Structures are given as structure tokens and as C-alpha cells.
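# Reading the structure
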Amino acid sequence: MASETVIRSLRQQIASCESQLHHLKRQLAEAEYQDQQQRTNLASEQGVNTRPDPLAHDFSYGIHDDFKSEVLAVLAQSEKTAPPQRRWPLEADEYKRYGRQLIMPEIGLQGQLRLKGASVLVVGVGGLGCPAAAYLVGAGVGTVGLVDGDVVEESNLHRQILHSTAKVNMTKVESAMIALHSLNPKVELVPHQGRLTPETALSTLQSYDLVLDCTDTPASRYLISDTCVLLGKPLVSASALRTDGQLMVLNNPPLPPGNTSGGPCYRCVFPKPPPPESVVSCGDGGILGPVVGTMGILQALEAIKVLTKKPSASSNESAPADPPSLLIFSAYASPMFRTIRLRSRKLKCAVCSAHATVTREALNSGSLDYVQFCGTVNPIDALTSNERISAENYAKIRLDVNPFTGLEPSKDSHILLDVREKVQFDLCNLEGSVNVPFSTVSSTPINGRNRTASEPDPEVGWISELRQHADKPIFVVCRLGNDSQITVKKMKELGLDNEGQRWIGDVRGGLRAWRNNVDKEFPEY
Amino acid sequence: MAPSKAPAGHFSILYFAAASTFTNRANEHLSAPVEARDLFSKLEELYPGIKDKVLSSCAVTVNLSYIDIDGDDAPDLGVVIKEGDEVAIIPPVSSG
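All values reported here derive from a predicted model rather than from experimental measurement.

## Structural notes on the interface of chain B and chain A
- At the junction of the two partners, chain B supplies 25 residues and chain A supplies 41 residues.
- At the level of secondary structure, the elements contributing two or more residues to the side of chain B that touches chain A comprise helix H1 (17-23), helix H3 (50-53), strand E4 (59-62) and strand E5 (65-67) of chain B.
- Broken down by class, the residue content of the side of chain B that touches chain A amounts to 14 nonpolar, 7 polar and 4 charged.

What follows is the structure in C-alpha cells.
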């Protein structure tokens, strides 16, 4: 018991030190950021010279009044005679900083001035937004706005390159501001803390020239695209999951709804949102850092192309935009890139056609519910309470002596079925568990209706395996406790419970609950 | 990984993202010709459930050009997918 107390106390001390350290790191990052800003402000107020003025001493500690007024008069005059007229359109250090792109015919002086005069809004400062914003800020876009409502998590760091270990738990907007400011202090950064909503979308996007959709849900994709059409802003939209990515330049040229010469919008390409249960997040499906990085960098590239487009020689209007296309990136396919030619605006598009139903008024009134349009997945609650066991109670079955029979705990008394995909099972699993991936479970047909067929299909391996131990109860576990419930239902439909003779149920909350409530050392991923 | 050329009387079909996950393959060859309006039901026969779970929200292309087959009066329902054509099923990817 004494050792337990020591362990508990040590754990508490470590936790307290860690949280203190965390707090200090955050304070340091903030202080560094503010210090940096103050220096910049000071430098721009006083000119580059921040050394103490030798005259200041003499003036404060007394010199002859005649001399003083004489000097002041001269100084005042010198200010008048040196008007801040600039000889060169860019500042001296800008020629140096942007020199490598300035000497390219695609950019040149005019292109750089266009970038400098432009403002871009980056919605989402994650895997796409980080590299996109870094390249835009690096290239000297005058103003860059950042929208995000999340804080930095450790699992973001492998791909979200503006955030760093010390900034875990800081808001993503704040963290990105610090990184971007140190990359290029000449760019004005505008924080927009919080998620974009239908109520805030119009006012947030209003003052920008171009928008980058770097978000991660179908609802935000439709909201941003609709808002861009209503405000007449071109939109560079990208997405990535696992090893695949997509990129489109939408609403380009950004002509009013109904004008068929305008570029198509997100709804023209994908009029229907994907079924909500099919939407996979990076947290569930996985994402390779360079895949999403590639897509974010391509967004910055397309944004620079749109912003620096030269007017056509014949008229004052911009040269015609590139025909709309959808770039598909598949990191493990050959070729890796495919360009799909898109159509112009859809004749019946709900936003950009002459028959538009999505209007500014509708958006402002809050009558457009994007979350509802895209659907939501209710938390799965497929089983009754006696088909479920808590992680703590399951631990007792595994670890404790049975209080009634006095028998030693046994892992052989039951079957523990882990339905995570094999790659996750191989990362970490509970001793003695059997892996049948959920994808295998889902694709197993329920052959009830084929029973009468003269030659019934030979039963899938995992089912016949489980039938062989007809007396052992089956506990099903997965990562979070959703797939396990669906599996239990399916196994009962397959008749594996021998019409109720055998108990089949799931471990509530999955391996996450196991880690939180039973074994703190079980890896979290 | 590059899809092989379709044999005589067939077209190639590429499955991206969720379509690839659902069919458990990146590409295959199907017999041609097929009218675009029949494409989804043909795939539904091969992969029961794919229509509602995946295809309903997908973009479809023939030889790298988008075709509009969304709705009963969509303009490209009559497009004929011929021998040697390359069709792609492109679900929207929304994460990032």
C-alpha cells in the first residue's frame, strides 16, 4: 500500500510539473512574439537606428538656448525638405527578400506589387493551411487572414508545419501568427479566432481578394464556396485524406451568379454532399504529412497565379482564366497526378446559376443549415445494456480472481475479438485478442436468404473459427466503441450466439476506455 | 500500379478515395459499350450498396472530362462509354 501511495504521489507531482512547464512554454512563446512585434514597431518608428541619440543628452542637460533653437530650426527644416517620396516602388529589403521570384517573368515587379496589394484569407490552419499560409506569407502577399477554432494537438505536428511541440494547446491561429511573423514580418496578419459559421462567413470573407479553403468538413466546404460566389471572390479549394488529394480553383473568374462565363463553384462539381457515415476524418482514416503538404503548397501556387495574372494586352480586363480543372493526386498511383477538365457553371446550380436559391439574404437570415444539409452521424447506440460491458468490468474478468468460484483469471475463458484494421491491431493490442478487421466483418454477406440454395457458400474463415468454440462468450472491442457494436449485431444476425445460448457483447468505449480507466500505459494514437 | 490497357470490348474504370475503399481496388476493366445513365446501376450490381453509400455524391469523368449525370434530366446521360475509354469515379474528399 505504501508503494501505491508513493506511485500516486509521484504521478501527481509529474503531472503538476508537466502542466507548469507547459504553461511556461506558452508564456515564453507569447512573450517572444510580443517582444518581436515591439522590436518591429520600434524599428519602424525610429527608423533603423535604435542607438541612443548623443544629442539627446546635451538637450536634456542644458546647452545654450540660442544654440538649441538654432539646431531645432535646422532639424525642422531638414524634415520639411526630405519628403517621404520613394525612388523605387518596393522597399530596399523587399528587392532582396523577393529577388528570386522578382526576376521571373511570371512575377516581375508588377506581379510582386499585385501580391503586396492583395489580401488572402486562409480558412483552416491545419495540414493544408500551414504550408499554404507559409508560402503566401513568404511570397509577400500584403495581408493574410487566418481562421481556425482549434488548438494545436500533438497528433497535428507531423504535418501542420507552422505549429511546434512547445505550442501544443495554444490556439492554432496564435501559433501560426508567431511562426508566420518570424518568417516575414512585412506581411500583415489578421487573426480570426473561431470556426466560420453561416452568421460570420459574409463579414469575415468580405474584405479579402481571394480565399483558400483548407478546412476538413463537407459543411464548411459548401459554406465557403457559397459565400465566395455571393461575394464574388475566387476560391482555391483543396483536400487530402490518407494518400489522396484534390485541388480546384473555383469561381474563377468570380462573376455574378447567373453569368455563365464565371467559373464553376463547389456545388457545380459536387452538388450532393457525401453520406455523413462515409465521411472519414484524418483522425480516423489517417493522413500522410507530405500528401496534405503537397496539396497545401499547390493551393498557395494557384493563389499566386490568380493574384499575379497579367491583364491581357488588348483590353484593361484580366486575361481569360485558365479553363476550370480538378487536380487529383494519388501518392501511390502512377501517374501521381491527373487533371480532369471541368464543365462551366451548372445551369441549375443552387448558388451560381440564374436559378440560385442560395442568396445573401438566405445566408444572413441563418435559414441555411449546412450541418443539416450534409447530415450528421448520431453516436452509435445499437446494443442494449446487457450486451455491453465496461472496460473496468472486463478488466476484472481478465485480471482478477473470480470472487464466486475462486478460480484464477483466465484469458482462455472467453474470446476477445478486436475489430480494428490489421495495421492498428499490429500497433498495440490486448494479449490473447483475435483480430478480425471491421472491413472484413462489413463485407461478410449474411447468407440467410441463400440457405436454400443447393450449394451453400462455404463459410468465411473467421465465422467458422468462432463457431468451433461455441461455448465461449465473445467480447468485441475496437478503438472507440462504435464498430464493436455493429460487429456484435452482425454476429448475432449470423447466428453466432446460438440463439442466445452464447453471450456476445462489446467493451463499451473500446480501447480508449481501456486506456483511460484500466491501463494508462496502453498506447494512445 | 498503372492500370493496364483495357482488353478488346472493355473500358477502364478508376476508383478514387472512398470508391477505392468500397470496391477494394484502384481500377478494373468493364465491358463496353455502356450508356452513362446505366453506369451506376451496373456498378451497383457488382458492388451492392455502392450507389447510395458512394456514387450518389461522386464526380464522374470520361477520358479526363467531367460528365454531368446528376438527376433525370442531366445533360450527359446519353454519353456512350466506348471500348478503350477511361472512366473515373471521384468522390469528394473533404478532410484536410
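## Points about the UniProt feature "binding site: ATP" (unreviewed entry) in chain A
- As annotated in UniProt, the feature "binding site: ATP" (unreviewed entry) corresponds to Gly127(A), Asp148(A), Ser155(A), Asn156(A), Leu157(A), His158(A), Arg159(A), Lys172(A), Asp216(A) and Thr217(A) in the numbering used here.
- In this view, Gly127(A) contacts Arg159(A), Gln160(A), Ala240(A), Cys282(A), Ile287(A), Val292(A), Gly296(A) and Gly96(B); residues no more than four positions away in its chain are not counted.
- The topology assignment puts Leu157(A) in the loop between strand E2 (143-148) and helix H8 (172-183).

## Brief notes about the pairing of strand E6 (residues 244-250) of chain A
All names here are of chain A.
- With 7 of 7 residues buried, E6 lies mostly within the body of the structure.
- Of the two faces of E6, the one carrying Asp-244, Gln-246, Met-248 and Leu-250 and the one carrying Gly-245, Leu-247 and Val-249 are both buried.
- For E6 and strand E7 (residues 325-330), the ladder comprises 5 bridges, and the chain directions are antiparallel. Following the sheet pairing, Leu-247 is matched in E7 by Leu-327.

## Describing the packing of helix H7 (residues 129-139) of chain A against helix H13 (residues 289-307) of chain A
Residues and elements named next belong to chain A.
- For the pair H7 and H13, the least separation of the axes is 7 Å and the interaxial angle reads 35°. For the element pair H7 and H13, the recorded crossing hand is right-handed. Of H13, the residues touching H7 (which contributes Gly-129, Cys-130, Pro-131, Ala-132, Tyr-135, Leu-136 and Ala-139) are Gly-293, Gly-296, Ile-297, Gln-299, Ala-300, Ala-303 and Ile-304.
- Classifying every residue of the contact of H7 with H13 by side-chain character gives 10 nonpolar, 4 polar and no charged.

## Observations concerning the pairing of strand E1 (residues 119-123) of chain A
All names here are of chain A.
- Along E1, 4 of the 5 residues are buried, which leaves the element largely enclosed by surrounding structure.
- Relative to E2, E1 runs parallel, the two being bridged by 5 bridges. Looking at the pairing, Val-122 lines up with Leu-146 of E2.
- As for the winding sense of the linkage, the β-α-β connection from E1 through H7 to E2 is right-handed.

Conventions we followed
- Residues numbered from 1 in each chain as written.
- Chains lettered and ligands numbered in written order.
- Predicted model: local features only at pLDDT ≥ 70, side-chain atom pairs only at ≥ 80, totals over all residues.
- Contact = placed C-beta atoms within 7 Å.
- Helix = DSSP H or I, 4+ residues; strand = E, 2+ residues; numbered from the N terminus.
- Nonpolar A, V, L, I, M, F, W, Y, C, P; charged D, E, K, R; others polar.
- UniProt positions renumbered as here; feature names shortened; annotations may be inferred.
- Buried ≥ 20, exposed ≤ 12 C-beta atoms within 10 Å, placed from the backbone.
- Pairing = 2+ DSSP bridges.
- Axes fitted to C-alpha atoms, helices over the stretch in contact; angles between N-to-C directions.
- Left-handed = near helix turned anticlockwise from the far one by under 90°.
- Right-handed = clockwise from strand over helix to strand, strands pointing away.

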